[in-house]
Amino acid sequence: MSDETAVAGTSVENIKERTVGRGEDAQPSAAQRTFLQELEAGLGAGKMTDDEETLTMYSADQGPILDRHLPLAVVWAESVEDVQHIVRSCAAHQVPIVARGAGTGVSGGAHATQGCIVLSLERMNRILDLNPDDETAVVEPGVINADLNAAAAEHGLMYAPDPASYKMSTIGGNVATNAGGLRCAKYGVTRDSVLALDVVMADGSLMHTGHQTFKGVAGYDLTALLVGSEGTLGIVVGVTVRLKYLPREIHTIAAFYQDFRSAAAGVLAVGRARVQPAIMELLDNGTLVQLDELHGGDLQKRGKSLLLIQTDGFGAAAEADVVRQVLAEGGATVTTEASAEAEMLVELRRNSRGVEVDDEFRVGEDIAVPRSRLVDFVAELEATADRFQVRLKVVAHAGDGNLHPTFWMDRVDPTTDADALQRLNAALDESIRVGLEMGGTITGEHGVGQYKLRWLGLEQPEPVRELQRRIKELFDPQGILNPGKAI
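Here's what I pulled together on the structure shown here. These figures come from a predicted structure and were not determined experimentally.

## Overview of the overall build of the protein
Here comes step 1: Broken down by element type, the protein carries 17 helices and 19 strands.
Here comes step 2: What you see for the protein is a C-alpha radius of gyration of 22 Å, in line with the 23 Å of a compact globule of 487 residues.
Here comes step 3: When the backbone C-alpha atoms are referred to their principal axes, the protein occupies close to 70 × 60 × 45 Å.
Here comes step 4: Residues classed as buried in the protein amount to 57% of the 487 residues present.
Here comes step 5: When the accessible surface of the protein is totalled, it reaches about 19,400 Å², and 50% of it is carbon and sulfur.
Here comes step 6: Computed over 44 positive and 70 negative side-chain charges, the separation of the two mean positions in the protein equals 3 Å.

So, in structure tokens, the structure goes:
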């Protein structure tokens, strides 16, 4: 499954540009055809296809493609039994399985690998139980994040993790990458809201981990291990989540600054005031310019950087007053937005990655650093972009130090612009190196997937990686679950 999960946001035409025919993925062999026949026979009609257009559409998420393959087939599971049949068939024939939800991930966690099948869980989209007294819900992996929130809202509750793709990403995909979102400064990431999982293991058996209660410390925490494992240890077929109270009151504050570093300093000033906003989002000038171009606004005329803060709950107004005062004292032009504009600003931030899909010429990163190093890291990003002559825009979940710098080059083609691609990759490597030196991590919420494997060894020493490989081998002895991803 992908990070923020399906085809949404990734057009067939877009993928076709990046995957030309079957390439080295030749037509299925006789053994593979036998496997596909057995697989389809146990699924029933309408749950499997090898149509090339569909294979192309489901062959990748929104991350850059390093190793291009079309799957042998795409299969849609509609029940736990379907998933078990698929996994058992693949185990018997040693066929790799790449599970996915909506395909909105941006690290290549749902990219097809050679000789695999892609298992789509998007049809397993039922909310099985929602208990307002226990403040829990049990959902299938294909439930859309926004749909769960709509159902919870009827009871005055919400599912707190809210990745930017919440309108289309699935809970299963969010679980796969331990996705974050705008509200995670106050409410935490996906792992903080998952109580239990139902998982189909690599041999097709069904395992339940976790508990229905908010507290529970019996044995090793396998639930926490599986959250963020990117489909490499098992296929999640059920998720029990903890719900939070839907805030009765929300206040949104927009603070415009004349430079990005001052805005980053504003984040620390709010923290020193000991106010805990639900949302603290930071947008640089390049992002404001692009948003204005896309939506016809005037954000860039109001400042060179925007710090967007939301307080929520019964103390929202009092907290907002403190935030406004602190930011104004730091030199910001602070506005109290009407609710319509407040919602617009939040939605613009959710869409601030732009409409482009990452490729060789444009890579959006996901680096987290300690909040105290935000200002220093932003300065280093700007210097790196200048040094390597690449373009840069930055948005950040500033409340928890998670930045999303996007480096890109104007596209020509790899042959005529090879030097530009080398500079782009050098800038990416440098940003990762500096972030790690500051005590950061190569991925805050998008997962490692396929694309970030090149940097994983810089963060985790070999004994740690070897232990993870041994865990993987214990869960998946044949190595058929999303091979080549995450570790």
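Okay, back to it.
## Concerning a negative patch on the surface
Here comes step 1: Taken together, Glu40, Asp50, Asp51, Glu52 and Glu53 make up a surface patch of like negative charges.
Here comes step 2: Within the fold, Glu52 resides in helix 3 (residues 52–57).
Here comes step 3: Taking relative accessible area as the criterion, Glu52 reaches 37% and is therefore assigned partly exposed.

## Regarding the packing of aromatic side chains
Here comes step 1: This model, assessed by the stated rule, comprises two aromatic pairs.
Here comes step 2: Residues Tyr58 and Trp76 carry aromatic rings whose centres are separated by 5.7 Å and whose planes lie at 85° to one another, so their mutual orientation is edge-to-face. Of this pair, Tyr58 sits in the loop between helix 3 and strand 2 (73–76) while Trp76 sits in strand 2, and the two are 18 residues apart along the sequence.
Here comes step 3: When its relative accessible area of 7% is taken as the criterion, Tyr58 is described as buried.

## Observations regarding a nonpolar patch on the surface
Here comes step 1: On the surface, Tyr220, Leu222 and Leu225 cluster together into a nonpolar patch covering about 340 Å² of accessible area.
Here comes step 2: Along the polypeptide, Leu222 turns up in helix 8 (residues 222–226).

## With respect to the nonpolar core
Here comes step 1: The biggest cluster of nonpolar side chains holds 49 residues, and the ones touching the most others in it are Leu282, Leu327 and Phe407.
Here comes step 2: Among the elements that line this core, the one with the most residues is helix 15 (residues 418–437), at eight residues.
Here comes step 3: Filtering out sequence-adjacent residues up to four positions away, Phe407 remains in contact with Phe361, Arg362, Val363, Leu381, Ala385, Val390, Arg391, Leu392, Leu424, Ala427, Leu428 and Ser431.

Conventions we followed
Residues numbered from 1 in each chain as written. Predicted model: local features only at pLDDT ≥ 70, side-chain atom pairs only at ≥ 80, totals over all residues. Heavy atoms only, no water. Helix = DSSP H or I, 4+ residues; strand = E, 2+ residues; numbered from the N terminus. Rg over C-alpha atoms; globule rule 2.2 N^0.38 Å. Buried < 20%, exposed > 50% of the residue type's maximum accessible area, 1.4 Å probe, protein only. Areas by Shrake-Rupley, 256 points an atom, 1.4 Å probe, with all protein chains shown as cover. Lys, Arg positive; Asp, Glu negative; His and termini not counted. Charge placed at Lys NZ, Arg CZ, Asp CG, Glu CD. Patch = residues over 30% accessible without salt bridge, like charges linked within 9 Å, V, L, I, M, F, W, Y side chains within 5 Å. Salt bridge = Lys/Arg side-chain N within 4 Å of Asp/Glu carboxyl O. Phe/Tyr/Trp six-rings, centres within 6.5 Å; stacked < 30°, edge-to-face > 60°. Core = buried A, V, L, I, M, F, W, Y, C linked by side-chain atoms within 4.5 Å. Contact = heavy atoms within 4.5 Å.

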